[in-house]
Amino acid sequence: MTEPLTVLGLESSCDDTAAAVVSHAPGGAPDILANIVMGQTDLHAAFGGVVPEIAARAHAERLDLCVEQALEQAGIGLEGIDAVAVTAGPGLIGGVMAGVMCAKGIAAGRGLPLIGVNHLAGHALTPRLTDGLDFPYPVLLASGGHCQFLIARGAEAFTRLGGTIDDAPGEAFDKTAKLLGLEQPGGPAVERCARTGDAHRFRFPRPLLDRAGCDLSFSGLKTALLRARDGVVAEHGGSLPEQDRSDLCAGFQAAVAEVLAEKSRRALETFLVEHPAPAAFAVTGGVAANARIREALQAICARAGVRFIAPPAPLCTDNAAMIAWAGLERFRTGARDDMTLAARPRWPLDATAPALLGSGRKGAKA
Ligand code: KG4
Ligand code: ZN
């Protein structure tokens, strides 16, 4: 399909209600006409984490408003839309269902094609939206619920090279923030606090570096951080001084960055055996917004003589532009869904890869 396309995308798989409009004419660069994200941080703040039921209700209440705002920002009506793309999983099932129902309503009401999108594909295909990257390319997807190295071969073709066997790095950032009395989401809070910290004072473990391949683990880091924090608190009669908090954040962030960089080096090496340079390595997902982690990955790519791609932070964290884009890519391959499209709590991108589940204490998320 070669004509220009304009796609409305909806995202509601976690705690961001989002709608976006992306338009693309073959041969040109994609255009993000609108990108609205309504966060829910305030709704979950009192609970120290995302409460699925509260998230689902908020999505159901806000999705239509979000779509309205996106169309207004894009300066078009539904008559200017060629297809409706929606996250159909993986994610918190109530929220995913709210998005799928909203998209079905719009598609049925307007006679528009409906495209179900894998949220992870949305993240993994973002480097094509932002930088026009050609297939195949290796990508690290690091977010609050996921962490995996993939080779993106097509809109729906991914090979997983490795991933976390327990927690996701974003989850580890969030837990670290909680343990240190910082606000949620923890990633930006920990990054901010780490700026004035000494990354060398606390030497945290570098999990799984001694194991071949590019699987990762983050749950041990959290335990190490808890012990270090308790040590400091005991020393200071029950309080956690500002400088110690910063040092803990900096040490934790350095450990995550070093592990992600070394495993990225290995993933890149594996990719280059199959597809010699010129190549590019991309990072996406909320954790890719972290400047220290970007720096570490950039250095690995520079050493390998490979282009490094990290989309702008608002396109790394959850958004609907990536869903509209992934939907547009699926649409171009001729894919269509119908009213039987189901919301899926789990949906691995590479169904042929052996489950990481069970290789860690809690099991991977996808
Ligand atoms: O991709 P995302 O928005 O949602 C998921 O699909 O999970 O990622 C959210 C995660 C959260 O855990 C958040 O703490 C983390 O990404 N994050 C960061 C930063 N910004 C967001 N982690 C580290 N540094 C950041 N600057
Ligand atoms: Zn995400």
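Residues numbered from 1 in each chain as written. Chains lettered and ligands numbered in written order. Predicted model: local features only at pLDDT ≥ 70, side-chain atom pairs only at ≥ 80, totals over all residues. Heavy atoms only, no water.

A. Representation of the coordination of the zinc ion (ligand 2) within the structure. For the zinc ion (ligand 2), the full set of protein donor atoms is His119 (NE2), His123 (NE2) and Asp318 (OD), and the range of their distances to it is 2.0 to 2.1 Å. In this structure, the zinc ion (ligand 2) is surrounded by 4 donor atoms whose angles at the metal cover 94 to 143°, and the resulting shape is irregular. Residue class for His119 comes out buried when judged on its relative accessible area of 4%. (Donors = N, O, S within 2.8 Å, 3.2 Å for Na, K, Ca; no water. Tetrahedral: all angles 85-135°; square planar, octahedral: opposite > 155°, others 65-115°. Buried < 20%, exposed > 50% of the residue type's maximum accessible area, 1.4 Å probe, protein only.)

B. Local environment of the domain arrangement of the protein. Domain boundaries in the protein define domain 1 (5-132 + 317-361) and domain 2 (137-313). In this structure, domain 1 and domain 2 have C-alpha centres spaced 25 Å apart. Facing 27 residues of domain 1, the contacting portion of domain 2 comprises 31 residues. When domain 1 packs against domain 2, the two sides together hide about 2,400 Å² of surface, and 62% of this comes from carbon and sulfur. Taken together, domain 1 and domain 2 are joined by 2 salt bridges. For Asp131, the salt bridge is made with Arg307, and the minimal N-O distance between the two is 3.9 Å. Inspection of the domain 1/domain 2 interface yields 6 residue pairs in polar contact (both at pLDDT 80 or more). Listing elements by their share of the side of domain 1 that touches domain 2, those giving two or more residues are helix 4 (119-131) and helix 11 (321-332). Its residues assigned to classes, the side of domain 1 that touches domain 2 shows 12 nonpolar, 9 polar and 6 charged. (Domains from an automatic or database assignment. Contact = heavy atoms within 4.5 Å. Buried area = accessible area lost by both parts, 1.4 Å probe. Salt bridge = Lys/Arg side-chain N within 4 Å of Asp/Glu carboxyl O. Polar contact = N/O pair within 3.5 Å; in protein donor to acceptor, adjacent residues only side chain to side chain. Helix = DSSP H or I, 4+ residues; strand = E, 2+ residues; numbered from the N terminus. Nonpolar A, V, L, I, M, F, W, Y, C, P; charged D, E, K, R; others polar.)

C. Spatial organisation of the pairing of strand 2 (residues 16-24). Burial of strand 2 is extensive: 9 of the 9 residues sit out of reach of the surface. Here strand 2 shows no split at all, with Asp16, Ala18, Ala20, Val22 and His24 on one side and Thr17, Ala19, Val21 and Ser23 on the other all buried. Pairing analysis gives 7 bridges linking strand 1 (residues 5-11) to strand 2, with the strands arranged antiparallel. When the bridges of strand 2 are listed, Leu10 appears paired with Ala19. What sits between the antiparallel neighbours strand 1 and strand 2 is a turn of 4 residues. (Pairing = 2+ DSSP bridges.)

D. Molecular detail of the environment of Val259. Along the chain, Val259 turns up in helix 8 (residues 242-274). By relative accessible area, Val259 is classed as buried at 0%. C-alpha of Val259 to C-alpha of Ser217: the two residues are 42 residues apart in sequence and 9.2 Å apart in space. Beyond its immediate chain neighbours, meaning those up to four positions away, Val259 contacts Arg206, Pro207, Leu209 and Leu216.

E. Seen up close, the side chain of His123. Mapping His123 onto the fold places it in helix 4. Owing to a relative accessible area of 1%, His123 belongs among the buried residues under this scheme. When sequence neighbours within four positions are dropped, the list of residues in contact with His123 reads Leu141, Thr284, Gly285, Cys316, Thr317, Asp318 and Met322.

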